[in-house]
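Chains, contacts and geometry: an overview
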Amino acid sequence: MNSDKKAAILAISVVIPLTAFSLWLSEQNKAESLSGQGHKILVTFYPIYQFTKAIGKEKIDVSIIIPPGIEPHDWEPTIQDIQKMKDADMIVINGAGLESWITKVTSINPNVMIVDTSSDIPLLEKDSNGLDKIAKKDPHIWLDPVLAKKQVQNIADGLIKLDPQNANYYQQNANDYKAKLDILDNEIKTDLSTCDKKDFLSFHDAFSYFSKEYGLHQHTIVGGLDPETEPTAPALQQITKDAQSLGLNVIFTEEAANPRVSQVIADEIHGKVLVLSPLEVTDKNIDYISKMGQNLSNLKEALCS
Ligand SMILES: [Zn+2]
């Protein structure tokens, strides 16, 4: 074999396949960067994280803005937090007034895409303590699985707009998640339909949409939206009286509340304390559906006993 022939064989057997391989690699990389990976998505708090992750799965890079363990109602971003948010491609918020600080982000980055998951959801008015001059909206839509379905679709619509190439993927995942929410909705209806009681005492005013959906009556230990406040002694006395006359034997508490408050009432009525979680302060690795399932079983105990 002469050296020209050798060179030709070398070119065919090694160089060409190598070139083809590296071309293929760069095509793969291109496809990857177009597939939504690398899109920086921020979400404000736990339920929104769960919904967004269920739709985008491995195709999105998503982080939570409000640190776990912090109540979203009274959280305000620092200047550093705002700086971090300005590089996001998309920020998913609950809406309905929960994140009023979001205007600080849009004022320094008008191009960031804000997905308001409360879009097209009829909101309840919320006059928390009579001191607010402007009637506020009740933000707790995520606790009603029927409204959560709408939130899920709003997130899917946002992701599709950001990354249209994967539209079918996002819509299919959204449909799968909405089917799970349908099952949860049916479970709540079925499980609570056998209970005689309709009244329950939640810690803060988080279950108005839920109560409306399932024909229940919510009473609260603290009047406002903030679970970290505590009732005054006369208020506590009145709540205890009301709990007695309603025949309640379960008093609810929640993650951000001082559990002793609920315990004082429960002791008075010889009842017990259980958790009814508004899913505001919780670990992002805990699944929304199973957390709602725990709420359902505790509510069933309160309403059916
Ligand atoms: Zn709340």
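Calculation criteria
- Residues numbered from 1 in each chain as written.
- Predicted model: local features only at pLDDT ≥ 70, side-chain atom pairs only at ≥ 80, totals over all residues.
- Heavy atoms only, no water.
- Donors = N, O, S within 2.8 Å, 3.2 Å for Na, K, Ca; no water.
- Tetrahedral: all angles 85-135°; square planar, octahedral: opposite > 155°, others 65-115°.
- Helix = DSSP H or I, 4+ residues; strand = E, 2+ residues; numbered from the N terminus.
- Disulfide = S-S within 2.5 Å.
- Phe/Tyr/Trp six-rings, centres within 6.5 Å; stacked < 30°, edge-to-face > 60°.
- Buried < 20%, exposed > 50% of the residue type's maximum accessible area, 1.4 Å probe, protein only.
- Lys NZ or Arg CZ within 6 Å of the ring centre and 35° of its normal.
- Axes fitted to C-alpha atoms, helices over the stretch in contact; angles between N-to-C directions.
- Parallel < 35°, antiparallel > 145°, perpendicular 65-115°, else oblique.
- Contact = heavy atoms within 4.5 Å.
- Expected span 1.5 Å × (residues − 1).
- Polar contact = N/O pair within 3.5 Å; in protein donor to acceptor, adjacent residues only side chain to side chain.
- Pairing = 2+ DSSP bridges.
- Core = buried A, V, L, I, M, F, W, Y, C linked by side-chain atoms within 4.5 Å.
- Domains from an automatic or database assignment.

Distances from the zinc ion to its protein donors, His 73 (NE2), His 140 (NE2), His 204 (NE2) and Glu 280 (OE), fall at 1.9 to 2.0 Å. Relative to the metal, the four donor atoms surrounding the zinc ion lie at angles of 103 to 120 degrees, and the coordination shape comes out tetrahedral. All donors of the zinc ion belong to a single chain; written as a sequence motif, their spacing is H-x66-H-x63-H-x75-E. A residue pair is termed long-range when its members are at least 10 positions apart, and His 73 in the loop between strand E2 (61-64) and helix H3 (79-85) and Glu 280 in the loop between strand E10 (272-275) and helix H10 (288-304) qualify at 207 residues.

On inspection of all chains with the given rule, the structure shows one disulfide. Between Cys 195 and Cys 304 runs a disulfide, and the two sulfur atoms are separated by 2.0 Å. Residues Cys 195 and Cys 304 are joined through a disulfide that is left-handed, its torsion about the S-S bond being -95 degrees. Of the two residues, Cys 195 sits in the loop between helix H6 (167-193) and strand E7 (199-202) while Cys 304 sits in helix H10, which places them 109 residues apart along the sequence.

In this structure the tally under the stated criterion is nine aromatic pairs. Geometrically, the ring pair formed by Phe 207 and Phe 210 is edge-to-face, given 6.1 Å between the ring centres and 85 degrees between the ring planes. With a relative accessible area of 1%, Phe 207 lands in the buried category. Judged by relative accessible area, Phe 210 falls into the buried class, the value being 5%. Through a chain of ring-to-ring contacts, three or more aromatic side chains come together here, namely Phe 200, Phe 207, Phe 210, Tyr 214 and Phe 252. When the ring centre of Tyr 169 is taken as reference, the NZ or CZ atom of Lys 59 above it lies at 4.8 Å.

How two helices pack is summed up by the angle between their axes together with the distance between the axes. H10 packs onto H6 with a crossing angle of 5 degrees between their chain directions and a minimal axis gap of 10 Å. Between H6 and H10, the angle is such that the two are roughly parallel. Here H6 contributes Tyr 177, Lys 180, Leu 181, Leu 184, Glu 187, Ile 188, Asp 191 and Leu 192 to the contact with H10, which in turn contributes Tyr 288, Ile 289, Met 292, Gly 293, Leu 296, Leu 299, Lys 300 and Leu 303.

The next point concerns helix H5 (residues 145-162). An ideal rise of 1.5 Å per residue puts 26 Å on 18 residues; H5 measures up with 25 Å between its terminal C-alpha atoms. Within H5 the residues assigned to the buried category are Pro 145, Leu 147, Ala 148, Gln 151, Val 152, Gln 153, Asn 154, Ile 155, Ala 156, Gly 158, Leu 159 and Leu 162. The N-cap of H5, judged by a side-chain oxygen 2.9 Å from the amide nitrogen of Val 146 a few residues on, is Asp 144.

We now examine the sheet that holds E2. The parallel open sheet is built from four strands, whose spatial order is E2-E1-E3-E4. Each edge of the open sheet is held by one strand with a lone partner, namely E2 and strand E4 (113-116). Shown here is a sheet whose adjacent strand axes are inclined to one another by a mean of 20 degrees, direction ignored. Bridge analysis of strand E3 (residues 90-93) against E4 gives four bridges, and the strand direction is parallel. Bridge pairing links Met 90 to Met 113 in E4. Seen against the sheet, H5 touches strand E1 (40-43), E3 and E4 and runs at an angle of roughly 160 degrees to E4.

Once that is clear, we can look at the nonpolar core. Counting residues in each nonpolar core, the largest one holds 63 residues, and the members touching the most others are Ile 41, Ile 91 and Tyr 288. Three or more residues apiece are contributed to this core by two domains, here domain 1 (40-187) and domain 2 (194-304). Leaving out residues up to four positions away in the same chain, Tyr 288 has contacts with Tyr 46, Pro 47, Gln 50, Phe 51, Trp 142, Leu 143, Pro 145, Ala 148, Tyr 177, Leu 181, Leu 184 and Leu 279. The next biggest cluster of nonpolar side chains, apart from the first, holds 14 residues, and it includes Leu 236, Leu 248, Ile 265 and Ala 266.

The next point concerns the pairing of E10. With four bridges joining them, strand E9 (residues 250-253) and E10 adopt parallel strand pairing. Paired with Val 250 across the two strands is Lys 272, which belongs to E10.

Here the focus is unusual backbone geometry. Working note: non-glycine residues mostly have negative phi, and peptide bonds are mostly trans. For Ala 96, which is not a glycine, the phi torsion comes out positive at approximately 60 degrees. Tracing the backbone shows Ala 96 in the loop between E3 and helix H4 (102-108). Phi is positive for Leu 279, which is not a glycine, with a value near 60 degrees. By secondary structure assignment, the location of Leu 279 is in the loop between E10 and H10. With a relative accessible area of 0%, Leu 279 lands in the buried category.

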